[in-house]
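Analysis of the macromolecular model
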Amino acid sequence: MKVALLFINYNSRKILPLERFIIFKLKNVSNIIFYLVDNASSDKSDVALLETLKEYELPYCYYRLPYNVGFARAVNFVFRRLDNDAKYVVLLNNDLVPVGGIISRLVDVLEGGGFSGIQGTIMQLLRPWLVDNAGHMVDRFGLSYPVCRGRPFSCAGDYEPSYLSGAFSIYRVDVLRKLGTPFSDVYEAYFDDKLLGARLRKRGYRIFHKAIVAGFHLGSATYGPRRLFK
């Protein structure tokens, strides 16, 4: 099975040591193809990431876009260009450090349960004893909530959430292709994964949160300073 990992970059020089460590954690994942998409960075962070990929000898594809199209549209751009042999697609933010071996473990759960998408419990990078999210739930008013945020790992459980975290989640490529693309080209971050979960569940596909520490998330490393955008 081939695993396509989508990594969107934009002017990330300030967190480059963190990104290099993320790539280091992925270097022993079997059958992985690292898809690096750069949103027209002006700080040469994409060049540094390419050098890191070569250093750790990870198979990769690289795309540099002519201007910043945002996270969701960059994901859609590269999804349309995935290797035909890719069975799973991993969405991974450039500020989330995955636990070693977690991708294969989550794929095993995904296959065993017949799910179309999966995530593990994501912890906070700066306060690693606290949960960043254990999936997300949407109430009857359409408001969404990161499950267990700010609470200890013992809060997390196995269940089927409303949607998975776009920071680190895994999906079956064949299912996403039936939707066309993972995200809408209309909506940008902070809404994209919410809509994806709704589209999947509306078609009868199941998504799952597994209570296992999957990674450590810094959060808002790219979008955080852009208050107008948020």
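The rules behind the values
Here, residues in each chain are numbered from 1, in the same order as that chain's written sequence. With the structure being a predicted model, the display of local features is reserved for residues of pLDDT at least 70 and the display and counting of side-chain atom pairs for 80 or more, all residues being used for whole-chain, interface and lining totals. For the side-chain quantities, the full set of heavy atoms in the structure was used; hydrogens and water were omitted. What counts as a ring pair is set by centres within 6.5 Å for rings of Phe, Tyr and Trp (its six-membered ring), and what kind of pair is set by the plane angle: stacked under 30 degrees, edge-to-face over 60, tilted for all other angles. Helix and strand definitions here come from DSSP, where helices need a minimum of 4 consecutive H or I residues and strands a minimum of 2 consecutive E residues; each element is numbered from the N-terminal end. With a 1.4 Å probe rolled over the protein chains alone, any residue whose accessible area is under 20% of its type maximum counts as buried; one over 50% counts as exposed, and the rest are partly exposed. Only the contacting stretch of a helix is used when fitting its axis, a line to C-alpha atoms as for every element, and angles between N-to-C directions run 0 to 180 degrees. In these notes the angle categories are as follows: under 35 degrees is roughly parallel, over 145 is roughly antiparallel, 65 to 115 is roughly perpendicular, and the rest is oblique. Note on convention: near helix rotated counterclockwise from far helix by under a right angle means a left-handed crossing. Clockwise means right-handed. Here, two residues are considered to be in contact whenever any of their heavy atoms come within 4.5 Å of each other. Under the scheme applied here, ten amino acids are nonpolar (Ala, Val, Leu, Ile, Met, Phe, Trp, Tyr, Cys and Pro), four are charged (Asp, Glu, Lys and Arg), and all others, including Gly, are polar. Positive charges come from Lys and Arg, negative ones from Asp and Glu, while His and the chain ends are left out of the count. By salt bridge we mean one thing: a side-chain nitrogen of Lys or Arg within 4 Å of a carboxyl oxygen of Asp or Glu. In protein, a polar contact requires one atom able to donate a hydrogen and another able to accept it; more generally it is a pair of N or O atoms within 3.5 Å, and residues adjacent in sequence count only if both atoms are side-chain atoms. Sulfur atoms of two cysteines make up a disulfide when they are within 2.5 Å.

1. With respect to the packing of aromatic side chains
- Counted according to the given criterion, the structure contains six aromatic pairs.
- Residues Phe71 and Phe183 carry aromatic rings whose centres are separated by 6.1 Å and whose planes lie at 45° to one another, so their mutual orientation is tilted. Here Phe183 lies in the loop between α5 (173–179) and α6 (192–202) and Phe71 lies in helix α3 (residues 71–79), a separation of 112 residues in the sequence. One exposure class covers both Phe71 and Phe183, and it is buried.
- Among the aromatic residues, ring-to-ring pairing joins Phe21, Phe24 and Tyr56 into one connected group.

2. Overview of unusual backbone geometry
- The backbone phi angle of Ala40 is positive, close to 60°, even though this residue is not glycine.
- Residue position: Ala40 is located in the loop between β2 (32–38) and α2 (45–55).
- Since its relative accessible area comes to 22%, Ala40 is described here as partly exposed.

3. Observations concerning the packing of helix α1 (residues 16–26) against α2
- Packing of α1 against α2 brings their axes to within 10 Å, and their N-to-C directions diverge by 30°. Judged by the angle between their axes, α1 and α2 are roughly parallel. For the pair α1 and α2, the crossing hand works out as right-handed. Counting all contacts with α1, which are made through Leu16, Glu19, Arg20 and Ile23, the residues of α2 involved are Ser45, Ala48, Leu49, Thr52, Leu53 and Glu55.
- Per-class residue counts for the contact of α1 with α2 are five nonpolar, two polar and three charged.

4. Brief notes about the side chain of Glu19
- Mapped onto the secondary structure, Glu19 falls in helix α1.
- Nearest to the buried, unbridged Glu19 among oppositely charged side chains is Arg13, at 8.0 Å.
- A polar contact is formed between the side chain of Glu19 and the side chain of Ser12, at a distance of 2.7 Å.
- When neighbours within four sequence positions are excluded, Glu19 is seen to be in contact with Phe7, Asn9, Ser12, Leu49 and Asn94.

5. Section: the state of the cysteines
- Overall, the coordinates contain one disulfide when judged by the stated rule.
- Paired by a disulfide, Cys148 and Cys155 hold their sulfur atoms 2.0 Å apart. What sets the handedness of the Cys148 and Cys155 disulfide is the S-S torsion sign, and at about -80° it is left-handed.

6. Overview of the environment of Ile22
- Secondary-structure assignment places Ile22 in helix α1.
- Distance in space between the C-alpha atoms of Ile22 and Tyr88 is 19 Å, their sequence separation being 66 residues.
- Other than its neighbours up to four places away in sequence, Ile22 contacts Phe7, Leu92, Asn93, Asn94, Asp95, Leu96, Val97 and Pro98.

7. With respect to the pattern of salt bridges
- Going through the model one piece at a time under the given rule, you end up with nine salt bridges.
- Between Arg64 and Asp46 there is a salt bridge, with its nearest N and O atoms 3.2 Å apart. A residue pair is termed long-range when its members are at least 10 positions apart, and Arg64 in strand β3 (residues 60–64) and Asp46 in helix α2 qualify at 18 residues.
- Overall, Arg64 belongs to the partly exposed group, its relative accessible area being 44%.
- In this structure Asp46 comes out as buried when scored by relative accessible area, which is 5%.
- A salt bridge links Asp158 to Lys210; the shortest N-O distance between them is 3.0 Å. With Asp158 in the loop between β9 (144–146) and β10 (168–172) and Lys210 in strand β11 (residues 207–217), this residue pair connects regions lying 52 residues apart in the sequence.

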